[in-house]
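Listed below are the residues making up each chain.
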Amino acid sequence: MRTYTEQWTLIDFACADDEVERLGDQLAAALAAGPWYADYAVTDARHVVFAGRRFVIRRGDRNQNDQVRAYAESVGVPAAQLDWPT
């Protein structure tokens, strides 16, 4: 039996620079609770969004990246899927 965590979905989108925070808020409101996340990069930061929660990781900030990965694993995201660039 195949589970959702074995499947990947890629959705490509774009927004204006002044809408980046709003996009993250909208994604956080739209995602269902569970092992799902969305991530996107803007200039020198990566935004990682979960149901009801979003994070911003500044390029090269290993501490923040580790915290986001720990949160992702706590909601059931498999470690193999935590492949966003840092």
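Residues numbered from 1 in each chain as written. Predicted model: local features only at pLDDT ≥ 70, side-chain atom pairs only at ≥ 80, totals over all residues. Heavy atoms only, no water.

Trainee: Just to check I follow, could you spell out helix 1 (residues 20-30) for this structure?
Mentor: Since the α-helix turns once every 3.6 residues, residues separated by three or four places project in the same direction. Residues of helix 1 that are buried include every one of Val 20, Leu 23, Gly 24, Leu 27 and Ala 28, and no others. Viewed along the axis of helix 1, the buried residues span an arc of 135 degrees, placing them on a single side of the element. For helix 1, exposure combined with an orientation more than 90 degrees from the buried face picks out Arg 22, Ala 29 and Ala 30. On the buried face of helix 1, the contacting elements are strand 1 (38-42), strand 2 (45-50) and strand 3 (53-58). (Buried < 20%, exposed > 50% of the residue type's maximum accessible area, 1.4 Å probe, protein only. Helix = DSSP H or I, 4+ residues; strand = E, 2+ residues; numbered from the N terminus. Arc of directions from axis to C-beta. Contact = heavy atoms within 4.5 Å.)

Trainee: Can you walk me through the pattern of salt bridges in this structure?
Mentor: When the charged atoms of two side chains with opposite charge come close together, those side chains can pair. Considering all chains together, one arrives at 5 salt bridges under this definition. A salt bridge links Glu 19 to Arg 22; the shortest N-O distance between them is 3.0 Å. A relative accessible area of 29% places Glu 19 in the partly exposed class. Measuring nitrogen to oxygen at the nearest pair gives 3.9 Å for the salt bridge that ties Asp 44 to Arg 58. (Salt bridge = Lys/Arg side-chain N within 4 Å of Asp/Glu carboxyl O.)

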